[in-house]
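# Structural characterization, general
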Amino acid sequence: MDHTVKEINLLAMADYVILGGGLAGCVVATRLKEYEPAASVVLVEAGPDEHSNALITDPMGTFQLHLSQYEYNYQTVPQTHYDGRKVFNAGGKLLSGSSSVNYAMWSRGGKEDYDLWADIVDDRCWSYEGMLPYFRRTESHHDPEGADPRQHGFEGPIHTTASERKYPLQKTLLAAFVQGTGLPTITDANGGAPIGIAPYTENWYQGKRQPAGKAYGLKGVDVITNAKVHRIILEGSIAKGAELVDGRKVMAQREVIVSCGALRTPQLLMLSGIGAAEELSEHGITQLIDSPEVGKNFHDHVCMSQFYKIKNAEKGLAAGAENWNDPSYLLGIPAHLVVTANATHDSLKAGMIADGHSDIADSHPHLQPTRGHIQILPVYAPTEAPFTDLNIPFDGTCISSGILNVLPTSRGSIRLGSADPAADPLIDPNYYATEADRVVIREGMRLSMRAFETAEGQKIVDHEVVPDGFSPLSSASSDAEIDARVRRSAATWFHPAGSAAMGKVVDTELRVVGVQRLRVVDASVFPCPVGAAYQVATYAVAEQAAEIITKSWRSEGV
């Protein structure tokens, strides 16, 4: 253990105080201390340090972490476009945050996703080219001989792997998706152009998880665990530190950095008096800084999982079977390919027109043929089945296909449920609210179903497992039939972002607008969705943030 577990009584002081010991907080803390060895860095985390817990470190433990003590286990507010259902959401409640509990998918997204981000905030530092040095800095790529050195790094703290395991169904499944989707196979979906069928890349390494704090090391950082923050301490418009729920205080001589994630960061800002006056006054909180966009622009990735009973399950073809016993299967999540696809231009444009964009031009960023709106992840297990109320056993008889809209146009909000910092925020992703989003999910589901309808796909699956009262879907099902299933069964893939958006709540140097010496560094700053699982983008944001912060203080002669 390189970090120091810090015990404080009533008061502690440091140059940098980082609130939230998740992925971003661990990266920023480590890099600030590395870049400025003489600076003191305190990292405050609400949960415990579980870096040595086998449930956290082993891939198969992942399936047991939802509803455990190591996650925040949330329910959204009733979702209008999911027939009023509340949807399970989660986030890591331990040191290293969600990098300690996620499925460890390693996906970057497309060049155009980041270029749109840069256009929105008018700063090329956040374009794909601007982020590329930080993507490289993070990773040790699994193919140093074959990977493009301009796109990938080989000396970073996070080691990647790709399709290392050989599953009994993988050749047949690959053939089914090639035939059914018409997409090309590509060797690297993480080089800025992800469209195609690519090896599933992950950051399980030698069969173990790489939590951000463990991988980066936190060398020289003072870490306070099991310590929940109540509020940021402001003197006028200057951030001075933080008060914990037990009354202890941690004061910052230089900066306070908030890294509590897209669900908790806006909550902490509002509890500190930073937000919209109406929202704060509703809970008896005095507004100190007018920031009406806090909690707005919230977005998340809809996931619609379909489950299939497989043929010849007795041969040990899927996770959970007694004879699914190759030791390599325990080294990562049971998947080997990922599909990224572009939604059909004319259908998507019609959807956007229906959403009120009557004058939309073909040049609109969302309509470009290089945008990867759809992501499909077939898994040799019934992934997320417990949250669909389908009662599917984990016994090797079922596989799943997760269909995601990774570039949603629906926007929701994070609001306060109470002035109590222990209370959950009110999470409203506003899932499936736009016709454009419905077009994407329909097309993604049809692509996936076409794969299983091919001759190769039919060698694998016997039938779809469906909710009571529903019939199996096919690629020929109507929009209304698909929409009805989505309303009944769709959920999330746990990629919340945007709730303290750059260009609205923070500037391009991640400073909270209207507040001195306060920054936000986590996925809440994403001004628009990125077509990927968010850990890669969050690592890069945190890497760039540490550099920005260090340079800003050096420019002041500190």
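The paragraphs below set out a description of the structure included in this document. All figures in this text were calculated on a predicted structure; none of them were measured in a lab.

Our next topic: the nonpolar core. Core analysis: the largest hydrophobic core is formed by 88 residues, its most contacted members being L19, W117, L518 and F526. At 11 residues, the largest contribution of residues to this core is made by helix α13 (residues 535–555). Those residues in contact with L19 that sit more than four places away from it in its chain are V44, V229, I232, A242, V256, I257, V258, S259, C260 and L268. Counting residues in each nonpolar core, the second largest holds 69 residues, with L173, C303, A343 and M352 among its members.

Attention now goes to helix α10 (residues 435–453). A turn of α-helix holds 3.6 residues, and therefore any two residues three or four places apart point the same way. The terminal C-alpha atoms of α10, which comprises 19 residues, lie 26 Å apart, in line with the 27 Å expected from a rise of 1.5 Å per residue. For α10, the buried fraction is high: 16 of the 19 residues fall into the buried class.

Each pair of packed helices gets described by two things: the angle between the helix axes and the distance between those axes. Taken N-terminus to C-terminus, the directions of helix α1 (residues 23–35) and α13 make an angle of 35°; their axes are 9 Å apart at the nearest point. Read as a crossing pair, α1 and α13 show a hand that is right-handed. Counted together, L23, A24, V27, V28, R31, L32 and Y35 of α1 and Q535, T538, Y539, A542, E543, A545, A546, E547, I549, T550 and R554 of α13 form the full contact between these two elements. Residues that form the contact of α1 with α13 fall into these classes: 11 nonpolar, 3 polar and 4 charged.

The next subject is the side chain of S499. Within the secondary structure layout, S499 lies in the loop between β24 (491–492) and β25 (518–520). With residues near it in sequence (within four places) discarded, S499 still touches A262, P266, E293, V294, G295, K296, F298, I414 and S524.

This paragraph deals with the pairing of strand β17 (residues 302–310). Counting buried positions over the 9 residues of β17 gives 8, a clear majority of the element. Judged from the 8 bridges that link them, β17 and strand β20 (residues 398–405) form a sheet pairing that is antiparallel. What sits directly across from K309, in β20, is C398. Where β17 lies against strand β23 (residues 461–465), 4 bridges are found, and the strand directions are antiparallel. Bridging across to β23, Y308 finds its partner in E464.

Moving on to the environment of A189. As for its position among the elements, A189 is in the loop between α5 (170–181) and β9 (196–199). For the pair formed by A189 and V461, sequence separation is 272 residues and the distance between their alpha carbons is 27 Å. Apart from the residues within four sequence positions on either side, A189 is in contact with G109, P194 and A198.

Look at α5: 16 Å from first C-alpha to last across 12 residues, which is about the 16 Å you get at 1.5 Å a residue. Taken together, the buried positions of α5 are occupied by Q170, T172, L173, A176, F177, G180 and T181. Along α5, the residues classed as buried sweep out an arc of 160° about the axis, all on the same side. The inward-facing, buried residues of α5 contact β9, β18 (337–341), β19 (374–379), β20, α10 and α11 (455–460). One or two steps after α5, the chain reaches G182, where phi turns positive at roughly 70°.

Tallied over the entire structure, the rule returns 19 aromatic pairs. Between F88 and F494 the ring centres are 6.0 Å apart and the planes differ by 80°, which places this aromatic pair in the edge-to-face class. On the criterion of sequence distance, the pair formed by F88 in strand β5 (residues 88–92) and F494 in the loop between β24 and β25 is long-range, its members being 406 residues apart. Of the residues examined, F88 reaches a relative accessible area of 8% and is grouped as buried. A residue is classified by how much of its surface remains accessible, and F494, at 22% relative accessible area, is partly exposed. Considering the side-chain rings of Y167 and Y329, the 5.2 Å spacing of their centres and the 25° angle between planes classify their relative orientation as stacked. Taken together, the residues Y167 in the loop between β8 (161–162) and α5 and Y329 in the loop between β17 and β18 connect sequence positions 162 residues apart.

Let us look at the pattern of salt bridges. Pairing between side chains of opposite charge can happen when their charged atoms approach one another. Applying the stated criterion to the full structure yields 31 salt bridges. We note a salt bridge from D15 to R254, for which the minimum N-O separation is 4.0 Å. Of the two residues, D15 is situated in strand β2 (residues 11–19) and R254 in strand β14 (residues 249–258); the sequence distance between them amounts to 239 residues. By the burial criterion, D15 is buried, and R254 matches it. As a salt-bridge pair, D479 and R442 come within 3.7 Å of each other at their nearest N and O atoms. Here the residue D479 occupies a position in helix α12 (residues 479–489), and R442 occupies one in helix α10, the gap between them amounting to 37 residues. A relative accessible area of 36% means that D479 is categorised as partly exposed. Connected through shared salt-bridge partners, E435, R438, R442, R446, D479 and D483 make up one network.

Reading guide: rules and limits
- Residues numbered from 1 in each chain as written.
- Predicted model: local features only at pLDDT ≥ 70, side-chain atom pairs only at ≥ 80, totals over all residues.
- Heavy atoms only, no water.
- Core = buried A, V, L, I, M, F, W, Y, C linked by side-chain atoms within 4.5 Å.
- Buried < 20%, exposed > 50% of the residue type's maximum accessible area, 1.4 Å probe, protein only.
- Helix = DSSP H or I, 4+ residues; strand = E, 2+ residues; numbered from the N terminus.
- Contact = heavy atoms within 4.5 Å.
- Expected span 1.5 Å × (residues − 1).
- Axes fitted to C-alpha atoms, helices over the stretch in contact; angles between N-to-C directions.
- Left-handed = near helix turned anticlockwise from the far one by under 90°.
- Nonpolar A, V, L, I, M, F, W, Y, C, P; charged D, E, K, R; others polar.
- Pairing = 2+ DSSP bridges.
- Arc of directions from axis to C-beta.
- Phe/Tyr/Trp six-rings, centres within 6.5 Å; stacked < 30°, edge-to-face > 60°.
- Salt bridge = Lys/Arg side-chain N within 4 Å of Asp/Glu carboxyl O.

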